[in-house]
Amino acid sequence: MDTCIKKIRELSADLLEKGEVEKVIGFAKGTIPMATSPIAIQSKQDVEKLVFNSTCGLNLANYASGQKGKIAIIAKGCDSRNIVTHIVENQIQRDQIYIIGVPCSGMVDKHKIAKLFEDEIIDFSEDGDTLIVSSFLKTLTLKKQDYLKGNCLYCTHKNPVLHDVMAADPVEEQVLENPFPDVDLIEALDLDAKWQYFENLTKNCIRCYACRNACPLCYCPTCFVDESSPQWVGKGQNKTDVNTFHFLRAFHCAGRCTDCGACVEACPMGINVRDFTRKLNKDSLELFGWEAGLDVTKRPPLDAYSPDDPDDFIK
Amino acid sequence: MGNLLEHMGIEKDRVHFSWISSAEATKFVDVVKEISDRVKALEPNKKFVKDYN
């Protein structure tokens, strides 16, 4: 990824110097190891702040809308699919955005790595498929493939689907016999066990709404959880309210979610909130043959009517 | 939506979708009868119920 970041910086510097874009949205080094944060670069001198590595798990499409003037954005496969969704949903115009595509080899699961250490991680570096992670007590050399985020494991769109320029050569896409083994596991449970599974899943939720804030799909000016008149859902820690929030949040993403994993990346409690949206993604694929964010000319299934739409649920 | 509710452990028979015109009184009665029969066949619901106490 070293060569890739050089190219990203070169391209960004060039765009800013020529005045083609007002700013470049990318990733910057975070304040702790194994963390990156979104950054908007406005001058050529600042391009050195841009980084790209296996900890860039957030989705930059989240910061693309609501900007004045033309912007450039660094986009992995999933970011590019959310930019497509933004264009389809009129959140941004195609000519307002310059996409620097980055082929992605997957992002790492920070919670999974943190579990290997008893103390705090103080250093993280990577070399190709090898990760080197250190704490005060020990240094471990890990294979990146074993510590990928859940959504990256089943990703079939590593290369940007829409781009103006690519920062590296495309990577090989994986072909999965079953793209939803995690959903199948839950589907195999009986009803009570399913309920128990989701109760356990959300039991640590602190209602911080980081999942919602990190999600590029959640751009409503007032989210349903923040409304007080009417108040759709209780605001406290009541577990029915917590589950209602997660259920509805997921359903608002039906047919739109690209499984970028930003929600899981942002969750401070390590909750795999994707378990909700994954079922909807599976249904979208099976019932409508639909994967979100692949084509700017197609309307999402819940936004369009076709006489062929499955209707066996309605009497 | 029914699918996701079932995925979370809510019995499929608890949630029903229908389209009934205001002129279709008999269809309304039939659907409501069927829904009440199917819901009565289940045990009382304990999921997604807010306990105010």
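Quick caveat: nothing in here was measured; it's all calculated off a predicted structure.

1. Description of the overall build of chain B
The secondary structure content of chain B amounts to two helices and zero strands. Accessible area for chain B stands at about 3,800 Å²; split by element, carbon and sulfur atoms hold 58% of it. Each charge class in chain B can be summarised by its mean position, and for the 9 positive and 9 negative side chains these summaries are 3 Å apart.

2. Observations concerning the pairing of strand 2 (residues 36-41) of chain A
Two strands pair when backbone bridges link them, and strand 1 (residues 23-29) of chain A and strand 2 of chain A are joined in this way by six bridges, in the antiparallel orientation. Counted as the bridge partner of Gly26 of chain A is Ile39 of chain A from strand 2 of chain A.

3. Remarks on the packing of aromatic side chains
In this description, a pair of aromatic rings is defined by centroid distance and the angle of the planes. On inspection of all chains with the given rule, the structure shows eight aromatic pairs over all chains. A centroid spacing of 5.4 Å and a plane angle of 85° characterise the contact between Tyr197 of chain A and Phe198 of chain A, whose relative ring orientation is edge-to-face. Pairing Phe198 of chain A with Phe276 of chain A gives two aromatic rings, centres 4.8 Å apart and planes at 45°, and the pair type is tilted. Of the two residues, Phe198 of chain A sits in helix 6 (residues 191-201) while Phe276 of chain A sits in helix 10 (residues 274-288), which places them 78 residues apart along the sequence. A connected cluster of aromatic rings, assembled from ring pairs, spans Trp195, Phe247 and Phe251 of chain A together with Phe48 of chain B. Sitting above the plane of the Phe117 of chain A ring, Lys138 of chain A keeps its charged end 5.5 Å from the centroid.

4. A short note on the domain arrangement of chain A
All names here are of chain A. Under the domain assignment, chain A is made up of domain 1 (1-106 + 151-175) and domain 2 (177-303). The partner domain 2 presents 29 residues to the 23 residues of domain 1 that form the contact. Between the two partners, domain 1 and domain 2, sit one salt bridge. Residue Arg256 is joined to Glu89 by a salt bridge in which the shortest nitrogen-to-oxygen separation is 2.8 Å. By residue number, the principal contributor to the side of domain 1 that touches domain 2 is helix 2 (residues 77-88), which donates eight residues. Per-class residue counts for the side of domain 1 that touches domain 2 are 10 nonpolar, 11 polar and two charged.

5. Some words on the sheet that holds strand 6 (residues 121-127) of chain A
Residues and elements named next belong to chain A. Taken together, the three strands give an open sheet; going across it, the order is 6-7-8, and neighbouring strands pair in antiparallel fashion. The sheet is open, and its two edges are formed by strand 6 and strand 8 (139-143), each paired on a single side. Neighbour-to-neighbour, the strand axes of this sheet turn through a mean angle of 20°, independent of strand direction.

6. Topic: the pattern of salt bridges
Counting across every chain of the model gives 30 salt bridges over all chains. A salt bridge links Asp259 of chain A to Arg274 of chain A; the shortest N-O distance between them is 2.7 Å. Residue Asp259 of chain A is located in the loop between helix 8 (239-252) and helix 9 (262-266), and its partner Arg274 of chain A is located in helix 10; the two are separated by 15 residues in the primary sequence. Judged on exposure class, the residue Asp259 of chain A and its partner Arg274 of chain A are both buried. Two residues, Glu6 of chain B and Lys12 of chain B, come together in a salt bridge whose shortest N-O distance is 3.3 Å. The structure contains a network of salt bridges with shared partners spanning Asp184, Glu187, Lys279, Lys282, Asp283 and Glu286 of chain A.

7. Concerning unusual backbone geometry
Residue and element names in this part refer to chain A. Residue Pro230 is reached from Ser229 by a cis peptide bond, and omega for that bond is 0°. Residue placement: Pro230 occurs in the loop between helix 7 (210-214) and helix 8. The phi torsion at Met34 lies on the positive side, around 60°, for a residue other than glycine. In this fold, Met34 is placed in the loop between strand 1 and strand 2. According to the relative accessible area criterion, Met34 is buried, its value standing at 9%. At Arg207, a residue that is not glycine, the phi angle is positive and equals roughly 55°. Residue classification places Arg207 among the buried residues on the basis of a relative accessible area of 7%.

Basis of the calculations
- Residues numbered from 1 in each chain as written.
- Chains lettered and ligands numbered in written order.
- Predicted model: local features only at pLDDT ≥ 70, side-chain atom pairs only at ≥ 80, totals over all residues.
- Heavy atoms only, no water.
- Helix = DSSP H or I, 4+ residues; strand = E, 2+ residues; numbered from the N terminus.
- Areas by Shrake-Rupley, 256 points an atom, 1.4 Å probe, with all protein chains shown as cover.
- Lys, Arg positive; Asp, Glu negative; His and termini not counted.
- Charge placed at Lys NZ, Arg CZ, Asp CG, Glu CD.
- Pairing = 2+ DSSP bridges.
- Phe/Tyr/Trp six-rings, centres within 6.5 Å; stacked < 30°, edge-to-face > 60°.
- Lys NZ or Arg CZ within 6 Å of the ring centre and 35° of its normal.
- Domains from an automatic or database assignment.
- Contact = heavy atoms within 4.5 Å.
- Salt bridge = Lys/Arg side-chain N within 4 Å of Asp/Glu carboxyl O.
- Nonpolar A, V, L, I, M, F, W, Y, C, P; charged D, E, K, R; others polar.
- Axes fitted to C-alpha atoms, helices over the stretch in contact; angles between N-to-C directions.
- Buried < 20%, exposed > 50% of the residue type's maximum accessible area, 1.4 Å probe, protein only.

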